[in-house]
Amino acid sequence: MIRAELVNPFLLAAGEVLASEAGVTVSRGPLTLERDVYETDHVTVLVSVIGEVWGMAFYGMSQDTAKGILSRMLGQQVTAFDELAQSGIGELGNVITGKATTKLAEHGYNANISVPTLIIGKGSRISTLDIGRLVIPLQTELGVVRLDLALRDNKAGGAPGSVDLALRVAVPQ
Amino acid sequence: MNVKYVNPFVQAAFEVFKTEANLEARRGALSLHSSACTSDDVTVLISVVGQARGVVLYSMSENTVLRIVSNIMGQPFEEFDSLAQSGVAEIGNVITGRASSLLAEEGIEVRISPPVLILGKGTLVSTLDFQRLVVPMETDMGNIHIHLAVDDTPEGMFPGDLPHVAAAEVNL
């Protein structure tokens, strides 16, 4: 189970960034914990977190929500989900995750974030394998941004890929 | 994309296929892409942060996965079940981990993310402003395409900090 002190920085960061960049208010929907495959909405930004917190954050939304948020951010109507729009949504995930890791550092967890990757296409299937995902719907007047956190406390360290392959696969953690 | 990142990944893939699956791999012709990648049946995605940063994708057919995982685990896999999914993710993890050790030997320190699996053909995966170098690895069990979207982390920059974060906060 993901601890609240790892989750709250993401909630705060998402609320702050969506408010300051897109002028929307965010309310949190009911949380669920998921272990099975994630079926995506139209647009999903994936940002990895690597350090004393270790895992991934996903930001999923419909194309309409993405275009609505971008229109507010850019101050002009975004009608096509083209490369510029994709870049903008990637940046949104990047900025939220960056801000969340700044807050995590204030709680004593140091982590770096990866460059964002965009997964495009409704109904794409993503697995985070043995890391469960806490699903947090962020409700805004432009639609729901679904935040999935697949994070682990990694303060004890430990490098991945160091254990015998067959053993790691055969013995789920 | 900086070409100095190619060889550590290719060498790591050769080594891991050889030691884990007793499989000889051959490298096909490289190609460079700017557009989004359309996924094959199975794609393992791993991010890299540190003195280099970016994303590595390992893409292959389900049939190739089943043959390689059967070989590694020493038991036949006929279905792409959760154990086979773990197996293929681990292959990506071990190759990327080994590549990071080879990069460290060249003075480039990086850390890697947990693997993420993208299941199903035809999903678009965009590495945004990072170009992808595609390295086909041919084996007797099928082809694995390694997509490298990895570049230098700008000097003096906090590795997780993108240059356009600041720009985004000002302009957007």
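Residues numbered from 1 in each chain as written. Chains lettered and ligands numbered in written order. Predicted model: local features only at pLDDT ≥ 70, side-chain atom pairs only at ≥ 80, totals over all residues. Heavy atoms only, no water.

Engineer: If you had to explain the interface of chain A and chain B to someone new, which residues and values would you point to?
Structural biologist: By a widespread convention, an interface's size corresponds to the accessible area lost as its parts come together. Between chain A and chain B, the contact holds 41 residues from the first and 42 residues from the second. Regarding the contact of chain A and chain B, the summed buried area is about 3,800 Å², with carbon and sulfur atoms giving 67% of it. If you look at where chain A meets chain B, you find 0 salt bridges. Mapped by element, the contributors of at least two residues to the side of chain A that touches chain B are β4 (43–51), β5 (53–61), α2 (63–74), α3 (83–106), β6 (111–113), β7 (117–120), β8 (125–127) and α4 (165–170) of chain A. (Contact = heavy atoms within 4.5 Å. Buried area = accessible area lost by both parts, 1.4 Å probe. Salt bridge = Lys/Arg side-chain N within 4 Å of Asp/Glu carboxyl O. Helix = DSSP H or I, 4+ residues; strand = E, 2+ residues; numbered from the N terminus.)

Engineer: Any chance you could break down the nonpolar core for me, citing the residues and the numbers?
Structural biologist: In summary, soluble globular proteins display a tendency toward joint burial of nonpolar side chains. Core analysis: the largest hydrophobic core is formed by 50 residues, its most contacted members being B:Phe17 and B:Ile68. A per-element tally of this core places helix α3 (residues 82–105) of chain B first, with 9 residues. Each residue touching B:Ile68, except ones within four places of it in the same chain, is listed here: B:Phe17, B:Ala21, B:Leu23, B:Ile91, B:Met141 and B:Ile144. Judged by nonpolar contacts, the second largest core, of 44 residues, contains A:Val24, A:Met73, A:Ile96 and A:Leu104. (Core = buried A, V, L, I, M, F, W, Y, C linked by side-chain atoms within 4.5 Å. Buried < 20%, exposed > 50% of the residue type's maximum accessible area, 1.4 Å probe, protein only.)

Engineer: Please give an account of the packing of helix α1 (residues 6–21) of chain B against helix α2 (residues 62–73) of chain B that cites residues and values.
Structural biologist: Residues and elements named next belong to chain B. Interhelical geometry of α1 versus α2 gives an angle of 55° and a closest axis separation of 8 Å. Between α1 and α2, the interaxial angle falls into the category oblique. Two secondary-structure elements touch here, α1 through Phe17, Glu20 and Ala21 and α2 through Ile68, Asn71 and Ile72. For the contact of α1 with α2, the class distribution of residues is 4 nonpolar, 1 polar and 1 charged. (Axes fitted to C-alpha atoms, helices over the stretch in contact; angles between N-to-C directions. Parallel < 35°, antiparallel > 145°, perpendicular 65-115°, else oblique. Nonpolar A, V, L, I, M, F, W, Y, C, P; charged D, E, K, R; others polar.)

Engineer: Got a sec to walk through the pairing of strand β9 (residues 132–139) of chain B? Specific residues and values, please.
Structural biologist: Residue and element names in this part refer to chain B. Most of β9 sits out of view: 7 of its 8 residues are buried. Pairing analysis gives 2 bridges linking strand β1 (residues 26–27) to β9, with the strands arranged antiparallel. Bridge pairing in β9 links Arg26 to Glu138. In terms of strand pairing, strand β2 (residues 31–33) meets β9 through 3 bridges, oriented antiparallel. The residue bridging Ser31 from the neighbouring strand is Val134, located in β9. Strand direction decides the pairing type here: β9 and strand β10 (residues 142–152), joined by 7 bridges, are antiparallel. (Pairing = 2+ DSSP bridges.)

Engineer: Give me the lowdown on the confidence of the model for chain A, citing residues and values where you can.
Structural biologist: Should pLDDT be low for a region, the predicted coordinates there are not to be read in detail. The predicted model of chain A averages 90 in pLDDT, with 89% of residues at 70 or higher. Taken together, the stretch residues 159–173 of chain A has pLDDT below 50 and engages in 22 contacts with residues farther than four places along the chain or on a different chain. (pLDDT = per-residue confidence, 0-100.)

Engineer: Kindly report on the side chain of A:Ser71, identifying the contributing residues and their values.
Structural biologist: All names here are of chain A. If you trace the backbone, Ser71 turns up in helix α2. For Ser71, a relative accessible area of 9% puts it in the buried group. There is a polar contact of 2.9 Å between the side chain of Ser71 and the backbone nitrogen of Val78. (Polar contact = N/O pair within 3.5 Å; in protein donor to acceptor, adjacent residues only side chain to side chain.)

Engineer: I'd like a rundown of the packing of aromatic side chains, residues and numbers included.
Structural biologist: Residue and element names in this part refer to chain A. Within the structure shown, the criterion is met by 1 aromatic pair over all chains. Taking the centre distance of 5.6 Å and the plane angle of 85° together, the rings of Tyr38 and Phe58 count as edge-to-face. Of this pair, Tyr38 sits in strand β3 (residues 38–39) while Phe58 is found in strand β5, placing the two residues 20 residues apart along the sequence. Of the two residues examined, Tyr38 and Phe58, each falls in the buried class. Positioned above the aromatic ring of Tyr109, the side-chain terminus of Lys155 is 4.6 Å from the ring centre. (Phe/Tyr/Trp six-rings, centres within 6.5 Å; stacked < 30°, edge-to-face > 60°. Lys NZ or Arg CZ within 6 Å of the ring centre and 35° of its normal.)

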